[in-house]
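# Architecture at a glance
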Amino acid sequence: MYNSYLKVCDKKGGAGIDKETIEMFNENLSGNLYKIWNRMSSGCYFPPAVRTVLIPKKQGGTRPLGIPTVSDRIAQGVLKDYLEPILEPLFHVNSFGYRPGRSAHDALAQCQLNCIQYSWVVDLDIRGFFDNISHEWMMKMLSHHTQEKWVLLYTERWLKAGIEQADGTIAVRQKGTPQGGVVSPLFANLYLHHAFDMWMSKYFPTNPFERYADDIIVHCNSKDQAEQLLNSIKERLAGFDLELHPDKTKLVYCKNYLRKEQHEHNSFTFLSYSFQPRSKPNIFGRANKFMVFNAAICQKAKTFIRERIRWVFNPRNTQVSLEEVAMKLNPKIRGWLNYYSKFNPRVAGNVFLYLNGLIRRWIEEKYRINSKKAIINKYESIMQLNTRLFIHWQKGIIY
C-alpha cells in the first residue's frame, strides 16, 4: 500500500471527485493508508465515482480523462503491482504502450523499419476504445490469468464505478474503463492482447504490426492483402464489441523512392509523427533528390505546440521578462524536443522558429523599434548575452 502511495506521489495528478489533493491526503497519511488497507483486506472497498476532465487533443477536439480520487489511485496501484508481473511476460513483442522498458520511440523505430520492407499499411482507428471495452469480456480475460478472488472482485467494481457527467450527475458505467485510471492501461493491453495481438500472431504471422494501446499500424505487401486483412480485423474486433472508425481507418501506400502510380492515401500519423514521402538530397549533396518514406513531427502536433507557446507568451505583454517566459516554457520545450527530435530533428526544431518570431515581436513592442534590422540586432544582442536562456537556443535553433 505504501509503495503504491509513493508512485501516486511521483506522478502527482489532481484531486478526484472528493476534491482531496495529495497534500490534504498527507495530513493524515497513516490513518488514510490504514483505511484503504483495512477496507481492501476485508472485501468492503467500493471505488468512488471518477471525476471527468476534458483535455484538448493534438488532433483537435477534446477527450474525457477520468481522474480517480487519491485514495482510489493508491488502491488501483496495489492491484496493478500485483497483476503486472503476471501479465507483462505474456504480452506480445509488438505491443509497446504503457509497458515497462518500452516506449513510443521503440514503436516508431519499428514502424519506420517495417515501412521500408512493406509497401502498404493498414492504419487502424478503434472508435472510442476505452469507452467500449466489454466488462464481460474483460472479466473472462482476467480470470484466464488469475483466480485471486480479491483481484476479480475489485476489478469488477472498478469497471462499474460511476463516472461524473457534464451536468455533475453520476452515471453508472455499463461498459468501458476511464482513461486516467491507474489500472486502465493494463486492462486495455490485456483486452487487445486477446482480441488482437495473439489472433494476429496465429492467423497473420507474416504481417508485422505496432500497437501502442489502441493505436495500431499493420504492414502488408500488397493492396489486395491489406484490404482482405482489414475486413478480417473488422470482423474480429466486432466480436469483442469494438468498431473501427470508418473515416479514420485507411489503407496507405508507403513505398519508398519516386512513385508513378497514384493512391488515395500516401501518409499516416502514428503517435503524433507523420509518416510520408519526403525528399532527401543524394549522396553528393547536389540538387538532385530522391524520395524516402519516413517519420517526422506531424502538422497537428506543430499546431498544438505553437498554440501552447502563444498561450504562455503574448508578445504584446511587455511587462513580462524573457527570463520569466523561459522559466515557464523551457520544461515544455525540453519535453517536446526530447520526443519529436528522435526522427527528423530538423523538422521538429523548425517549430520553435515560431517562438523566435514572437520574441522579435516582443522586442519591437518593448523597445518601440520600427526598423527590421534594428529588431534583429537587438534580438542577436540578447541572444549572445545569454545563449542558454531558452532550451532551443542551446540546441542552435536561433533564427
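This report concerns the structure included in the present document. Since the structure is predicted, the reported quantities are computational estimates derived from the model, not experimental observations. (Residues numbered from 1 in each chain as written. Predicted model: local features only at pLDDT ≥ 70, side-chain atom pairs only at ≥ 80, totals over all residues. Heavy atoms only, no water.)

## So, the pattern of salt bridges
- Summed over the entire model, instances satisfying the criterion amount to 8 salt bridges.
- The shortest N-O distance in the salt bridge between E156 and K160 comes to 3.4 Å. One end of the pair, E156, and the other, K160, are both in helix 8 (residues 149–160), 4 residues apart, so they sit about a helical turn from each other.
- We classify E156 as partly exposed; its relative accessible area is 35%. (Salt bridge = Lys/Arg side-chain N within 4 Å of Asp/Glu carboxyl O. Helix = DSSP H or I, 4+ residues; strand = E, 2+ residues; numbered from the N terminus. Buried < 20%, exposed > 50% of the residue type's maximum accessible area, 1.4 Å probe, protein only.)

## Re the layout of surface pockets
- Here the second largest pocket defines a volume of roughly 240 Å³.
- As for the second largest pocket, its lining consists of 16 residues, and the residues nearest its centre are P64, D131, I163, R173 and K175.
- Broken down by element, the residue count for the lining of the second largest pocket peaks at 3 residues, all from strand 2 (residues 62–67).
- Looking at the lining of the second largest pocket, its residues break down into 6 nonpolar, 6 polar and 4 charged. (1 Å grid on protein atoms, 1.4 Å probe; cavity = no way out; pocket = protein on both sides within 12 Å on 5 of 7 lines; lining within 4 Å. Points joined across faces, edges and corners; volume = space filled by probe spheres on them. Nonpolar A, V, L, I, M, F, W, Y, C, P; charged D, E, K, R; others polar.)

## Describing the packing of aromatic side chains
- Scanning the entire structure with this criterion turns up 27 aromatic pairs.
- Looking at K140, its charged tip hangs above the ring of W137, at a distance of 4.9 Å from the centre.
- Its guanidinium or amino end placed over the ring of Y367, K378 lies 4.6 Å from that ring's centre, counting from NZ or CZ. (Phe/Tyr/Trp six-rings, centres within 6.5 Å; stacked < 30°, edge-to-face > 60°. Lys NZ or Arg CZ within 6 Å of the ring centre and 35° of its normal.)

## Points about the side chain of E20
- Along the chain, the position of E20 falls in the loop between helix 1 (2–11) and helix 2 (22–26).
- For the buried E20, no salt bridge is present, and the opposite-charge side chain at shortest range is K35, 7.4 Å distant.
- Setting aside its immediate chain neighbours within four residues, E20 contacts A15, F25, N32, V70 and S71. (Lys, Arg positive; Asp, Glu negative; His and termini not counted. Contact = heavy atoms within 4.5 Å.)

## Considerations on unusual backbone geometry
- Non-glycine residue Y98 carries a positive phi angle of around 55 degrees.
- Looking at the element boundaries, Y98 is found in the loop between helix 4 (70–87) and helix 5 (104–117).
- The backbone of L271 sits at a positive phi, close to 55 degrees, despite the residue not being glycine.
- By the secondary structure assignment, L271 is in the loop between strand 9 (268–270) and strand 10 (273–281).
- Overall, L271 belongs to the buried group, its relative accessible area being 12%.

Honestly, it's all geometry; don't read function into it.
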